[in-house]
Amino acid sequence: MEEKYIAALEIGSSHIRAAVGTVDDTGCLSLLAVEEEHAVDVVRYGIVQNVDEVSNRIKRLILRLENYPSISPRKIKSVYVGIGGRSTASTSREVIRQFDEVTDITAHIIDQMKEEAKANGLSERTVVDVLPKDFIVDNLECPNPVGTLGKSIKADINLITCRPKILRNLDIAVTERQQLAIKDRFVRQISIADLVLTSDEKKLGCMLVDFGAETTTVSIYRGGSLRYLTTIPLGSRNITRDVMILNNITEERAEELKRALGDAMNEEPNFRKSDFDGDATKVNSGIRTRAGEIAVNIIEQVKYAGYSLPNDLAGGIVVVGTGSKLKGFTDLLADQSKVKVRLGALPATIRISDTRLQNPNMIDIISLLNAAATHNPAECTEKPVVVNPTPDPFVDGEDDGPGIKPIKGGKKPKDNDEETRPKSPSRIKDIFGRIVKGWDSLLDDREPDED
């Protein structure tokens, strides 16, 4: 079977990224290319604000991807998109089915229960995903109820919801303005979890933290299922802006100082003197204060989810996103939570030929391609059809059989049996001689005049 080309689009608060990969008949994903554009001030808290500008940047990304030798001459006609942002959260719904007699629990029954839960979502929000947490068949817990027999089944189901504005603005920027069909939507946090969390971590209990530019999304897993998801309206850009305000500098310079001096754990930062000649301790103090506030808000989500530390998160905390690069931040989380903390990493199962793409910054966009590859992927590109031109009978070509051949240059072809006629003065003399001889013959044949 021919490989399928799939494309993904991730719109975050700091960057807009687009990627193309291929999926072979075994389901293996190969990353071909990733391109990105800055999104500061046109995307706020994960929501498209300036639709025109975002649409223009998407167009530039698509054109650059189509120029890659591994993709050209294909044209990208559709994409998979990620859903996230400040309003993304989970809501729990309970659905119960009673049967008159012992019934075989089928996938169709489970789908009906999921649809019922979705129909009972919040009126002012849009349901973007439906994820079952627990099933109980005849008062017994049943992780996989399909194929079991029972007279009753109860399901605890997670609805992942967001504000309708997120989807509406995405549709305008992607579909209406760029004529790109949206094949499917995936919740960013769930796609990342499927990529970077192990099955053991999900079973034991773990937290995934996507520490982004303007938001931080927290999800908690236990027993192999998603139990809680919420988005905190704080991110790494809050740290940058604090540095900018406290030191009366530009945001670009503040970002540079945050990367060079920032240390969430140590009061005295370790840095090169050439990077900054001011009071580094004062700068880092502002960084540590805001980083500490974000860490506290992250850990508080464990209580809101109804769990406690460290017992309920034996699988630890996994951190991804732009903010995860702040020096000492994972150590700060580990110190406050008393559980192990690690950075999320790309798995070896995805083939990435370009080593520049093998870095944590690409986890979000690669997770979307991975989600598409594992959910019955659809072709996202078109290969231009090469049309062979109709042969022109008046153009030289191979002899295709008998028929009248065109006259080249308007000249009449020479007869092979025709003798070559001289083109010298002797030929002119011969013609003149014949004319004279003809007149003589006419004069000789005339009758004499009668007197």
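See the structure printed just above.
In this text the structure is predicted, and so the values were computed from the model without any measurement.

The rules behind each value
- Residues numbered from 1 in each chain as written.
- Predicted model: local features only at pLDDT ≥ 70, side-chain atom pairs only at ≥ 80, totals over all residues.
- Heavy atoms only, no water.
- Helix = DSSP H or I, 4+ residues; strand = E, 2+ residues; numbered from the N terminus.
- Contact = heavy atoms within 4.5 Å.
- Areas by Shrake-Rupley, 256 points an atom, 1.4 Å probe, with all protein chains shown as cover.
- Polar contact = N/O pair within 3.5 Å; in protein donor to acceptor, adjacent residues only side chain to side chain.
- Pairing = 2+ DSSP bridges.
- Axes fitted to C-alpha atoms, helices over the stretch in contact; angles between N-to-C directions.
- Buried < 20%, exposed > 50% of the residue type's maximum accessible area, 1.4 Å probe, protein only.
- Parallel < 35°, antiparallel > 145°, perpendicular 65-115°, else oblique.
- Nonpolar A, V, L, I, M, F, W, Y, C, P; charged D, E, K, R; others polar.
- Left-handed = near helix turned anticlockwise from the far one by under 90°.
- Expected span 1.5 Å × (residues − 1).
- Phe/Tyr/Trp six-rings, centres within 6.5 Å; stacked < 30°, edge-to-face > 60°.
- Lys NZ or Arg CZ within 6 Å of the ring centre and 35° of its normal.

Caption draft 1: Geometry of the overall build of the chain. Counting secondary structure elements, the chain contains eleven helices and 19 strands. Partitioning the intrachain contacts of the chain with sequence separation of at least 6 by distance along the chain shows that 67% fall at a separation of at least 24. Total accessible area on the chain is roughly 25600 Å²; 49% of this is exposed by carbon and sulfur atoms.

Caption draft 2: Local environment of the side chain of Lys258. Topologically, Lys258 is positioned in helix H7 (residues 251-261). Within the structure, the side chain of Lys258 is placed 2.9 Å from the side chain of Thr240, a separation counted as a polar contact. Residues contacting Lys258, with those up to four places away along its chain left out, are Ser236, Ile239, Thr240, Ile287 and Leu326.

Caption draft 3: Expanded view of the sheet that holds strand S10 (residues 140-141). With antiparallel pairing, four strands are arranged side by side in an open sheet as S8-S11-S9-S10. Looking at the sheet topology across the chains shown, the edges are occupied by strand S8 (89-104) and S10. Taken together, the twelve bridges between S8 and strand S11 (residues 149-162) define a ladder with antiparallel strand orientation. Paired with Thr103 across the two strands is Gly150, which belongs to S11. In the packing of helix H2 (residues 107-119) onto the sheet, contacts are made with S8, strand S9 (126-137) and S11, and the angle to S8 comes to roughly 140°.

Caption draft 4: Geometry of the sheet that holds strand S1 (residues 4-11). Ordered in space as S12-S7-S1-S2-S3-S18, the six strands form an open sheet in which the pairing is mixed. One side of each edge strand has no neighbouring strand; the edge strands of this open sheet are strand S12 (181-187) and strand S18 (351-352). Pairing of strand S2 (residues 15-23) with strand S3 (residues 29-38), which is carried by nine bridges, proceeds in the antiparallel orientation. From the neighbouring strand, Val23 faces S3, where its bridge partner is Leu29. Across the sheet, helix H1 (residues 51-66) is in contact with S1, S2 and S3; its angle to S3 comes to roughly 140°. Docked against the sheet, helix H4 (residues 188-196) engages S1, strand S7 (78-83) and S12, running at close to 70° with respect to S12.

Caption draft 5: Representation of the pairing of strand S15 (residues 225-232) in the model. Most of S15 is tucked away, with eight of its eight residues classed as buried. Note: strand S14 (residues 216-222) against S15, seven bridges, orientation antiparallel. Bridge pairing in S15 links Thr217 to Thr231. The loop that links S14 with its antiparallel partner S15 comprises two residues; one of these, Gly223, has a positive phi angle of about 65°.

Caption draft 6: Structural detail: the packing of helix H6 (residues 236-247) against H7. Put simply, H6 and H7 touch, their axes get as near as 8 Å, and they point 110° apart. As far as their axial angle goes, H7 and H6 are roughly perpendicular. Contacts between H6 and H7 involve Ser236, Arg237, Ile239, Thr240, Arg241, Val243 and Met244 on the former and, on the latter, Glu251, Ala254, Glu255, Leu257 and Lys258. In the contact of H6 with H7, the residues fall into five nonpolar, two polar and five charged.

Caption draft 7: Region of the structure containing the packing of H1 against helix H3 (residues 164-176). Axis separation between H1 and H3 bottoms out at 8 Å; the angle between their running directions is 45°. With respect to H3, the axis of H1 lies oblique. The interaxial crossing formed by H1 with H3 has right-handed handedness. Between H1 and H3, the contacting residues are Val51, Val54, Ser55 and Ile58 on the first element and Asn169, Ile172, Ala173 and Val174 on the second.

Caption draft 8: Spatial organisation of unusual backbone geometry. Cis rather than trans, the peptide bond between Ser72 and Pro73 has omega equal to 10°. Residue placement: Pro73 occurs in the loop between H1 and strand S6 (75-76). Each neighbour pair has its own omega, and for Leu309 with Pro310 the value is 0°, a cis peptide bond. Among the secondary structure elements, Pro310 is positioned in the loop between helix H8 (280-304) and strand S16 (316-320). At Asn139, a residue that is not glycine, the phi angle is positive and equals roughly 70°. Overall, Asn139 belongs to the exposed group, its relative accessible area being 74%. Phi at Gln179 takes a positive value of approximately 55°, unusual for a residue other than glycine. Assignment of secondary structure puts Gln179 in the loop between H3 and S12.

Caption draft 9: Just H3, in detail. The end-to-end C-alpha separation of H3 is 17 Å, in line with the 18 Å expected for 13 residues at 1.5 Å each. Every buried residue of H3 is accounted for by Ile166, Leu167, Asn169, Leu170, Ile172, Ala173 and Val174.

Caption draft 10: Up close: the environment of Tyr221. Locating Tyr221 in the fold gives a position in strand S14. Tyr221 sits 94 residues away from Gly315 along the chain, and the two C-alpha atoms are 9.2 Å apart.

Caption draft 11: Just the packing of aromatic side chains, in detail. Enumeration according to the criterion identifies two aromatic pairs in this entry. Pairing Tyr80 with Phe186 gives two aromatic rings, centres 5.9 Å apart and planes at 25°, and the pair type is stacked. With Tyr80 in strand S7 and Phe186 in strand S12, this pair connects stretches of sequence that are 106 residues apart. No difference in accessibility class separates Tyr80 from Phe186, as the two residues are buried. A cation over a ring is seen here: Arg86 above Tyr45, with NZ or CZ 4.2 Å from the ring centre.

Caption draft 12: Focus on H1. Here H1 contains 16 residues, and its C-alpha end-to-end distance of 23 Å stays within 8% of the 22 Å for a straight helix at 1.5 Å per residue. All buried positions along H1 are accounted for by Val51, Val54, Ser55, Arg57, Ile58, Leu61, Ile62, Leu65 and Glu66. Where H1 starts, the residue carrying a side-chain oxygen 3.3 Å from the main-chain nitrogen of Asp52 turns out to be Asn50.

Function-wise, these values are silent; they only describe arrangement.
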